[in-house]
Amino acid sequence: MEDNGEDVDVIEQHVEEEMEKGGARRLTASSLSPSDGGEAPGSTQSSHRLLNYSDALISIIATVMILPVAHTKVEDNEELRQSFQLLLTTKIGVYLMTFLIVTVAWAAHIRLFQVIVRIDDCLALLNLACMMLITFLPYTFSLMATFPANILGILLFCGCVMVIGVIQSVIVLYAFSRPFLLNEQIQISESQTFYKHHILKVIMRVPIMCFFASIFSFIFFQLSYVLLAIIIFLPYISQCLKWIRNKTIGPVAESPDTVLFYTYLPNEPLSKDRVEAFSDGVYAIVATLLILDICEDNVPDPTVVQKKFGGSLIAALQVYGPEYLAYFGSFATVGLLWFVHHSLFLHVTKTTRLMGLLNTFSLAFVGGLPLAYQLTDEFPRNSRNELEAIQISCVIIFFAGIFQLAIWVVALYNERETLHPYVHYGGREHVFMLAKLALYPCVALATFFFTCILSKFSAPIFHLMEITVPFAFLLLRILVRVGLALLRLIFCPSRPDLRTVVEEEVDETRVPFNALIT
């Protein structure tokens, strides 16, 4: 009880300090008005709707890049393995790289508008110019995928990224010239000039990399693709180089402000709302893309229906039965992966840069589900191509789910900061959340191996997996409780029922996940 009283005193003191700081910040912020003929703060507005529009636009652009890959035709008499190797080295590789680079631009947009919290007409127009160039990226991707040895696609892509970097730099310079547009912490900071230079330096790293990539495209174009791939992992490469520098020449003194914004630390916070909005956009667009091919390819011609099927539309539509089955199965897969993602972020209290990167990898494979849908109904029944297409689909689903599980593992490592107590290691929802996240990777992996052993029944096995997984989600909580009861009965028959233990005592004796790993 004494400890509880001390905790209450500490909390009350912390609240009082925060209220005092908040009052001081409001007074300081109110005193920051443009005195040199700038626009009045009353002409500004919240950036909420602009950010929603930007998130929706970027999620659409990142997802539709799969269309050139999904619409690649493979002949029935052509070996899929050889064709898929060609796809993997060209179109699929370029798709994944471009998807990740677009999401890097989106993450940069998040960080930029965590510093700029209000906008005016000029900032809105500059942001629209940025979005216009991002929407042009799919065309450059199509050129890169169709003509991988031609440097024009690389030049156009790098040119767009460089101009985007210049526009973002102009946005930063404009916002810092009107401090009332900035975050309150920066408004009251005495190091605004340092902030401005630091943010500009971070923003211009990607355009500079693209500049070098465009130069190397004239010399050795394969190296340009390597440089573009480095952009994705640039934050973590910078952290490694910084760690090596600190070990060799000692730590370099930095301003304390660099810890707040625009760091390259893996635990740097990202806006949870924007991560969810972008992810929801990707899932929604992927689910919508699945129906486009049915609307385009599976509507019979009236003359064919009349001549071949005697005017019976039902008989004509029966030919497309496998396509309909593949569509509903793929839609259920996308919807359930979204459901798992929603359940995960329902318990996440803070998202970090590393969690955002893993989420990007998961979304990249989710974006490949239209390709999986195309492949599963492209080839004749019981053919070698059908078997390999189904196995490719299992691989795509496996990696989409395994990266979701990786997000949760990373969140568990800093669970006190990033997760709700219910799903902490040892919490009452921990095992259920683990089962929910592990279900799709385990089922996809099992389906892959079953199709290798029972290759003649690959299509029924795959469609059975798509049908049974939704029912498994409905019964998952019951299955988890039964499984835990059986394990407790087998390995710990004398252990008391956990429900009789006081929840507070469990929390006090629970070992954190990161301490357990260490």
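Just so we're clear, the structure is a prediction, and the values are computed from it rather than from any experiment. Along each chain, residues carry numbers from 1 onward, in the same order as the chain's sequence is written. pLDDT decides what is reported in this predicted model: residues at 70 or higher carry local features, side-chain atom pairs at 80 or more are listed and counted, and totals for whole chains, interfaces and linings draw on all residues regardless. Hydrogens and water are ignored here; the side-chain numbers use all heavy atoms of the structure.

Remarks on the overall build of the chain
Phase 1 of the analysis: Only DSSP runs of H or I with at least four residues qualify as helices, and only runs of E with at least two residues qualify as strands; both kinds are numbered from the N terminus onward. On a plain count of helices and strands, the chain comes out with 24 helices and four strands.
Phase 2 of the analysis: To sort residues, take the accessible area from a 1.4 Å probe on protein chains only and compare it with the maximum for the residue type: under 20% means buried, over 50% means exposed, and anything in between is partly exposed. Within the chain, the fraction of its 518 residues that count as buried is 46%.
Phase 3 of the analysis: Only heavy atoms matter for contacts: two residues are in contact if any of them lie within 4.5 Å across the pair. Pairs at least 24 residues apart make up 81% of the contacts formed inside the chain by residues separated by at least 6 positions.
Phase 4 of the analysis: Put simply, the chain shows about 26,800 Å² of open surface, and 66% of that area lies on carbon and sulfur atoms. Only the protein chains shown count as cover for residues, with accessible areas throughout obtained via the Shrake-Rupley method and a probe of 1.4 Å.

What to know about the side chain of Q192
Phase 1 of the analysis: Among the structural elements, Q192 can be located in helix 8 (residues 192-203).
Phase 2 of the analysis: Two N or O atoms form a polar contact when they lie within 3.5 Å of each other; inside protein one atom must be a possible hydrogen donor and the other a possible acceptor, and for residues adjacent in sequence the pair counts only when both atoms belong to side chains. Here the side chain of Q192 touches I186 through a polar contact of 3.2 Å, landing on its backbone oxygen.
Phase 3 of the analysis: In this view, Q192 contacts F176, P179, I186 and Q187; residues no more than four positions away in its chain are not counted.

Quick word on the environment of S47
Phase 1 of the analysis: Checked against the element boundaries, S47 lands in the loop between strand 1 (45-46) and helix 2 (48-64).
Phase 2 of the analysis: In this structure the C-alpha to C-alpha distance between S47 and I119, which are 72 residues apart in sequence, comes to 5.8 Å.
Phase 3 of the analysis: Within the local environment of S47, its side chain forms a polar contact with the backbone oxygen of V117, the two atoms lying 3.4 Å apart.

Topic: helix 6 (residues 151-176)
Phase 1 of the analysis: A helix is expected to reach a length of 1.5 Å times the quantity of its residues less one. Here helix 6 contains 26 residues, and its C-alpha end-to-end distance of 38 Å stays within 8% of the 38 Å for a straight helix at 1.5 Å per residue.
Phase 2 of the analysis: Two or three places before L152, at the opening of helix 6, N150 has a side-chain oxygen 3.0 Å from that residue's backbone nitrogen.

Examining the confidence of the model for the chain
Phase 1 of the analysis: A residue's pLDDT is the confidence the predictor assigns to it, expressed on a 0 to 100 scale. Mean pLDDT over the chain: 76, with 76% of residues reaching 70 or higher.
Phase 2 of the analysis: Note that residues 1-39 has pLDDT below 50 and, in this model, 14 contacts with residues that lie over four places away or in other chains.
Phase 3 of the analysis: Contacts from residues 498-509, a stretch scored under 50 in pLDDT, to residues over four places away or in other chains number five contacts.

Examining the pattern of salt bridges
Phase 1 of the analysis: We define a salt bridge as a side-chain nitrogen of Lys or Arg found within 4 Å of a carboxyl oxygen belonging to Asp or Glu. Overall, the coordinates contain two salt bridges when judged by the stated rule.
Phase 2 of the analysis: For D55, the salt bridge identified is with R274, shortest N-O distance 2.6 Å. On the criterion of sequence distance, the pair formed by D55 in helix 2 and R274 in helix 12 (residues 272-297) is long-range, its members being 219 residues apart. The pair D55 / R274 is uniform in exposure class, with both members buried.

Looking at the packing of aromatic side chains
Phase 1 of the analysis: Within 6.5 Å between ring centres, the rings of Phe, Tyr and Trp (the latter by its six-membered ring) count as paired, and their orientation is classed by plane angle as stacked under 30 degrees, edge-to-face over 60, tilted in between. Under the definition given, this model contains 13 aromatic pairs.
Phase 2 of the analysis: Summarising the aromatic geometry, the rings of F339 and F473 are spaced 5.8 Å apart at their centres and angled 90° between planes, so their arrangement reads as edge-to-face. Residue F339 is located in helix 15 (residues 321-347), and its partner F473 is located in helix 21 (residues 458-474); the two are separated by 134 residues in the primary sequence.
Phase 3 of the analysis: Its relative accessible area of 30% is what places F339 among the partly exposed residues.
Phase 4 of the analysis: On the basis of relative accessibility, which here comes to 11%, the residue F473 falls in the buried class.
Phase 5 of the analysis: A centroid spacing of 5.2 Å and a plane angle of 20° characterise the contact between F365 and F399, whose relative ring orientation is stacked. Placement of the pair is F365 in helix 16 (residues 353-366) and F399 in helix 18 (residues 384-413), with a sequence separation of 34 residues.
Phase 6 of the analysis: An aromatic cluster of at least three residues, connected via ring pairs, comprises F361, F365, F398, F399 and F403.

Points about the packing of helix 8 against helix 9 (residues 205-216)
Two quantities define a packed helix pair, namely the angle between the helix axes and the distance between the axes.
Phase 1 of the analysis: As a rule, the C-alpha atoms of each element are fitted with a line to give its axis, helices using only the stretch in contact, and angles between N-to-C directions run from 0 to 180 degrees. As a packed pair, helix 8 and helix 9 sit with axes 4 Å apart at the nearest point and diverge in direction by 30°. Facing helix 8, whose interface residues are K201, V202 and I203, helix 9 presents R205, V206 and P207.
Phase 2 of the analysis: Throughout, the ten residues Ala, Val, Leu, Ile, Met, Phe, Trp, Tyr, Cys and Pro are labelled nonpolar, Asp, Glu, Lys and Arg are labelled charged, and all others, Gly among them, are labelled polar. Residue composition of the contact of helix 8 with helix 9, grouped by class: four nonpolar, no polar and two charged.

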